[in-house]
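Observations on the three-dimensional arrangement
One-letter residues, chain by chain:
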Amino acid sequence: MILKLDASCERYLDEIGEAYAKVLGARTVCADVHGVSGEFRRPSMRVIHGSETESVRLENGIHYRFDVTKVMFASGNTDERMRMRRLDCAGETVVDMFAGIGYFTLPLAKFSGARRVFACEKNPESYHYLVRNVRDNGVGDVVLPMLGDNRSIPGSNFADRILMGYVQTTSEFIPAALRMIREGGTIHYHDTFYVGEQERKVDEFFGPLCEYEVLGIREVKSFAPSVSHYVADIRIISRSPRRR
């Protein structure tokens, strides 16, 4: 069990943990006081009752195993994970540039018909669970986990589809995505924008680099006041810079 608590509860954490465990039968109770931070989006979790911090989340036919004190799980991205399950990727080569523990990789690999998914993750702790989740969900014949910076993935012009499930600094990785994508391929680009500016920002990032078509932009979830997490589905017409 994870409780969202603020600093005013600090002196009572042991009592709170014991009470929740007793009333609800929880084996372990953790307090999330400061949320996530840093490049790897690590949670600032404190165990206030028990000791077992590894958990398995069952969602839409996928088992996600992770340690709640080491790895973030974005519960607000449920609809997007479900959408990955419904995609028709029959025979495609897919690159997940920010695979994490397999948030988007697993449903896509298990249900979409993709031929191969290259799942890249830089955080060693997340990569550990990515490898395990690939095995536990029976998609080892489809998914190739890769540990390291996605900008070091070798090759060009080989991907039919690219997942860019990161926010705030995602634009820094667009050149690497454009190197890997085939003309006619689709990039699912995640980022945070002020509400109403998402179309302009997508054009600002992609327009000078390639010819593209926006297939759709949808809000994933609210991120901050007047700021939302969006995903843009972008078909790359040409990887040559667009003429202005």
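Here's a quick rundown of the structure. Source: prediction; values computed, not measured.

With respect to unusual backbone geometry
Of note, the phi angle at Asn-157 is positive, near 60°, even though the residue is not glycine. Mapping Asn-157 onto the fold places it in the loop between β8 (143–147) and β9 (159–164). With a phi angle near 80°, Gln-168 is a residue other than glycine that sits in the positive phi range. Inspection of the secondary structure puts Gln-168 in the loop between β9 and α5 (174–180).

Here we look at the pairing of β8
Here is the key point about a regular strand: its side chains alternate between the two faces of the sheet. Note that strand β7 (residues 116–121) and β8 share five bridges and pair parallel. Residue pairing across strands places Glu-121 opposite Leu-147, the latter belonging to β8. This β-α-β element, β7 to helix α4 (residues 124–136) to β8, shows right-handed connectivity.

Regarding the pairing of strand β10 (residues 181–194)
β10 sits mainly inside the fold: ten of its 14 residues count as buried. The pairing of β9 with β10 spans five bridges and is parallel. Counterpart to Ala-159 in the pairing with β10 is Ile-181. Remark: the β9/α5/β10 crossover connection has right-handed handedness. When β10 meets strand β12 (residues 227–238), the two strands line up antiparallel, connected through nine bridges.

Topic: the pattern of salt bridges
Counted by the stated rule, this structure contains 20 salt bridges. Between Asp-32 and Lys-4 there is a salt bridge; the shortest N-O distance is 3.0 Å. Remark: Lys-4 occurs in strand β1 (residues 2–4) and Asp-32 occurs in strand β2 (residues 29–37); sequence separation between them is 28 residues. A relative accessible area of 70% means that Lys-4 is categorised as exposed. Measuring nitrogen to oxygen at the nearest pair gives 3.0 Å for the salt bridge that ties Arg-235 to Glu-213. One end of the pair, Arg-235, is in strand β12; the other, Glu-213, is in strand β11 (residues 211–224), and 22 residues separate them in sequence. Looking at Arg-235, the relative accessible area reads 30%, which means it is partly exposed. Among the charged side chains, a salt-bridge network with shared partners connects Glu-54, Arg-65, Arg-132, Arg-135 and Asp-136.

Re the sheet that holds strand β6 (residues 93–96)
Spatially, β8-β7-β6-β9-β10-β12-β11 is the arrangement adopted by the seven strands of the open sheet, whose pairing is mixed. Each edge of the open sheet is held by one strand with a lone partner, namely β8 and β11. Between one strand axis and the next, the sheet turns by 15° as a mean value, whatever way the strands run. In this sheet, β12 lies alongside β11 in antiparallel orientation, the contact comprising eleven bridges. Bridged to Tyr-212 within β12 is Ile-236. Along the sheet, helix α6 (residues 198–206) contacts β10, β11 and β12; its crossing angle with β10, the most-contacted strand, is approximately 130°.

Regarding α6
Restricting attention to buried positions, one finds in α6 the residues Gln-198, Lys-201, Val-202, Phe-205 and Phe-206. Looking down the long axis of α6, one finds its buried residues gathered within 115° of arc, a one-sided arrangement. On its buried face, α6 is in contact with α5, β10, β11 and β12.

Description of the environment of Ala-114
If you trace the backbone, Ala-114 turns up in the loop between α3 (105–111) and β7. Here the alpha-carbon distance between Ala-114 and Leu-87, two residues 27 residues apart in the chain, equals 9.3 Å. Setting aside chain neighbours within four positions, we find Ala-114 in contact with Cys-89, Gly-91, Glu-92, Val-94, Leu-108 and Val-142.

A short note on a nonpolar patch on the surface
On the surface, Met-1, Tyr-20, Val-23 and Leu-24 cluster together into a nonpolar patch covering about 400 Å² of accessible area. Among the structural elements, Tyr-20 can be located in helix α1 (residues 13–24). Taking relative accessible area as the criterion, Tyr-20 reaches 37% and is therefore assigned partly exposed.

Some words on the packing of aromatic side chains
Each aromatic ring pair is described using two quantities: the centre-to-centre distance and the angle formed by the ring planes. Under the counting rule described, the total for this entry stands at eleven aromatic pairs. Plain terms: the ring middles of Phe-73 and Tyr-103 are 5.7 Å apart, the flat faces sit at 65° to each other, and that makes the pair edge-to-face. Pair noted here: Phe-73 is in the loop between β5 (62–67) and α2 (78–86) and Tyr-103 is in the loop between β6 and α3, with a separation of 30 residues, a long-range link. Assessed through its relative accessible area of 15%, Phe-73 is described here as buried. With relative accessibility at 14%, the residue Tyr-103 sits in the buried group. Cation over ring: Arg-85 sits above Phe-111, and NZ or CZ is 3.9 Å from the ring centre.

Reading guide: rules and limits
Residues numbered from 1 in each chain as written. Predicted model: local features only at pLDDT ≥ 70, side-chain atom pairs only at ≥ 80, totals over all residues. Heavy atoms only, no water. Helix = DSSP H or I, 4+ residues; strand = E, 2+ residues; numbered from the N terminus. Pairing = 2+ DSSP bridges. Right-handed = clockwise from strand over helix to strand, strands pointing away. Buried < 20%, exposed > 50% of the residue type's maximum accessible area, 1.4 Å probe, protein only. Salt bridge = Lys/Arg side-chain N within 4 Å of Asp/Glu carboxyl O. Axes fitted to C-alpha atoms, helices over the stretch in contact; angles between N-to-C directions. Contact = heavy atoms within 4.5 Å. Arc of directions from axis to C-beta. Patch = residues over 30% accessible without salt bridge, like charges linked within 9 Å, V, L, I, M, F, W, Y side chains within 5 Å. Areas by Shrake-Rupley, 256 points an atom, 1.4 Å probe, with all protein chains shown as cover. Phe/Tyr/Trp six-rings, centres within 6.5 Å; stacked < 30°, edge-to-face > 60°. Lys NZ or Arg CZ within 6 Å of the ring centre and 35° of its normal.

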